[in-house]
Amino acid sequence: MTNTVAIVVLVASFVILILLRFPIALVLALSSLLTALTLDLPLAVIGQRMVQGLNSYSLLAIPFFILAGQIMSEGGLALRLVNLAQLFVGAIRGGLAMVNCVACMLFGNISGSAAADVSSVGSVMIPMMKQKRYPADFSVAVTSAAAIQGVVMPPSHNMILYALAAGGVSISSLFMAGVIPCLILLAALMLTSYVIARKRNFAKSEPVRLRDVPKILVDGFLSLMTGVIILGGIFTGWFTATESGAIACVYAFILTFFVYRDLPFRHLRVIFLKTFRTVSMVLFLIAASNAFAWVLTYLKIPVMLTDALLALSDNPVVILFIINVLLLVLGAPLDMAPLILIMTPILFPVVTALGMDPVHFGIVMILNLGIGLITPPVGTVLFVGCAIGKVGIEQATRALIPYFLVMVAVLFLITYVPGISLWLPVLMKGS
């Protein structure tokens, strides 16, 4: 009976605080404390669990990757990647939309963040597309959808959060598992853009001047080396994911301040402040989520949910369909990072009972919740895109529908074909 009351307190306090618009980290911490009081547990247990949640060497990767992404974002990296993408796909009808997709993928390989993707690439591409008479709602839609590649392409911060929440899944394996799904997503987004461009007769881009090609290639190559360092070092086993983040920071610093010279040294203060602000929010969220996950486990909620889902059906196809729909629904009102930290301890026992590989499930969950970043009513990435393009949410949402449907189709393809995600990690282990 006590456990039943505690579950009611946990769920009710969580929902009420969310509706009152409390910060999600505070919601998790307060819900955990109220539930501990209901169970007559010492409140020190919650504090200990929060501290324990931060006691992980793997967590060092997060500030390193955030700092590297911030340095490159503050510099002129986005424009250089746009120019590189335009060199290869810009001359096709609707080429600017395809350039947008490619540039977002390339930038995501450095920033690891969809929000950074849409703000950096979007600030270049959306005005450029509007200038070439692309509709504003379409420009925002394609940029927002393409930015989601940033959560699937390594070095995604969300992969690190999933690895921690899942209890020690290899971050390196997750990084490698995201590459092929991201390339499939890129192809799907580019094909969708091409079909829409043909149907609406969008203009072709102007060809790149021949004398500009060498500079574009050199600048693009140097920028892309950040991603090459991260993936190449992990794949060859030269360094871990955390070490690759530190090396990426050094490379980004040298490239931005000494090679490109985009920023004065005094701008480092701004970069560090923004990085510290982001890191502090992420770490508090991780600490609070660890306490919340412990309370869930103490109340045996993951076990009850596993039993309930397996009672519905023992068919993995059906269970995975239900899980995907559940995550798509939850991803609309709630942000991605807290959902990873909340839902992973709940759903992980379910998928492992089905025999699903933890790395495969991680990619499925991350892409699924990434789609939630462009789904109203919250849709963080969509809001940023609309702010840059000065477009209403309703207009952008209508323009997003074809991209949303294509992304969901890719999600289910990745869900039911494990080899798409697991081929590179298996190859990495065998090499």
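Residues numbered from 1 in each chain as written. Predicted model: local features only at pLDDT ≥ 70, side-chain atom pairs only at ≥ 80, totals over all residues. Heavy atoms only, no water.

**Q** Which residues make up helix α3 (residues 44-53), and what values do they have?
**A** Listed in full, the buried residues belonging to α3 are Val 45, Ile 46, Met 50 and Gly 53. On an axial view of α3, the arc spanned by its buried residues comes to 140°, and they lie on one face. More than 90 degrees from the buried face of α3, the exposed residues found are Gln 48 and Val 51. Buried residues belonging to α3 abut α2 (24-38) and α15 (268-298). (Buried < 20%, exposed > 50% of the residue type's maximum accessible area, 1.4 Å probe, protein only. Helix = DSSP H or I, 4+ residues; strand = E, 2+ residues; numbered from the N terminus. Arc of directions from axis to C-beta. Contact = heavy atoms within 4.5 Å.)

**Q** Break down a nonpolar patch on the surface for me, with residues and values.
**A** Residues Val 317, Val 318, Phe 321, Val 325, Val 329, Leu 413, Tyr 416 and Val 417 make up a contiguous nonpolar surface patch of about 620 Å² in total accessible area. Contributing elements (two or more residues each) for the nonpolar patch: α17 (316-331) and α21 (393-416). Top element by residues in the nonpolar patch is α17. It accounts for five residues. (Patch = residues over 30% accessible without salt bridge, like charges linked within 9 Å, V, L, I, M, F, W, Y side chains within 5 Å. Areas by Shrake-Rupley, 256 points an atom, 1.4 Å probe, with all protein chains shown as cover. Salt bridge = Lys/Arg side-chain N within 4 Å of Asp/Glu carboxyl O.)

**Q** Account for the environment of Val 102, naming residues and giving values.
**A** As for its placement among the helices and strands, Val 102 is situated in helix α6 (residues 95-111). According to the relative accessible area criterion, Val 102 is buried, its value standing at 15%. When the C-alpha atoms of Val 102 and Ala 85 are compared, they prove to be 5.9 Å apart, with 17 residues separating the residues in sequence.

**Q** Could you give an account of the packing of α6 against helix α12 (residues 179-200), with specific residues and numbers?
**A** Interhelical geometry of α6 versus α12 gives an angle of 165° and a closest axis separation of 8 Å. One way to sum up the angle between α6 and α12 is to call them roughly antiparallel. As for the relative orientation of α6 and α12, their crossing is right-handed in sense. Of the residues in α12, those touching α6 at Ala 97, Met 98, Cys 101, Val 102 and Met 105 are Cys 182, Leu 183, Leu 186, Leu 189, Met 190, Ser 193 and Tyr 194. Looking at the contact of α6 with α12 residue by residue, the class counts come to 11 nonpolar, one polar and no charged. (Axes fitted to C-alpha atoms, helices over the stretch in contact; angles between N-to-C directions. Parallel < 35°, antiparallel > 145°, perpendicular 65-115°, else oblique. Left-handed = near helix turned anticlockwise from the far one by under 90°. Nonpolar A, V, L, I, M, F, W, Y, C, P; charged D, E, K, R; others polar.)

**Q** If you had to explain the confidence of the model for the protein chain to someone new, which residues and values would you point to?
**A** In this model, the protein chain carries a mean pLDDT of 84, and residues with pLDDT of at least 70 account for 97%. Mean pLDDT in the protein chain bottoms out at helix α5 (residues 77-89), which sits at 72, and peaks at helix α19 (residues 358-372), which reaches 94. (pLDDT = per-residue confidence, 0-100.)

**Q** Lay out the side chain of Ser 289 with the relevant residues and their values.
**A** Summarising the element assignment, Ser 289 is placed in helix α15. Excluding residues within four positions of it along the chain, Ser 289 makes contact with Leu 28 and Leu 341.

**Q** Which residues make up the packing of aromatic side chains, and what values do they have?
**A** Per the counting criterion, the structure on display carries 14 aromatic pairs. Ring centres of Phe 253 and Phe 257 lie 5.1 Å apart, and the angle between their planes is 35°; this geometry places the pair in the tilted category. Within this pair, Phe 253 and its partner Phe 257 are both found in helix α14 (residues 241-259), separated by four residues, close to a single helical turn. With relative accessibility at 24%, the residue Phe 253 sits in the partly exposed group. A relative accessible area of 5% places Phe 257 in the buried class. Arranged with centres 5.5 Å apart and planes meeting at 15°, the rings of Phe 257 and Phe 265 form a pair that is stacked. Here a set of aromatic residues connected by ring pairs shows up, and it is made of Phe 253, Phe 257, Phe 258 and Phe 265. (Phe/Tyr/Trp six-rings, centres within 6.5 Å; stacked < 30°, edge-to-face > 60°.)

**Q** Give me unusual backbone geometry: which residues, what numbers.
**A** Trans peptide bonds make up the majority, and among non-glycine residues the majority have a negative phi. A cis amide bond, omega 10°, links Pro 154 with the succeeding residue Pro 155. Mapping Pro 155 onto the fold places it in the loop between α9 (149-152) and α10 (157-165). Within the chain, Arg 21 stands out as a residue other than glycine whose phi angle is a positive 65°. Its location among the elements puts Arg 21 in the loop between α1 (2-19) and α2. Unlike most non-glycine residues, Lys 300 shows phi in positive territory, near 60°. For Lys 300, the position within the fold is in the loop between α15 and α16 (301-312). The class for Lys 300 is exposed, based on a relative accessible area of 54%.

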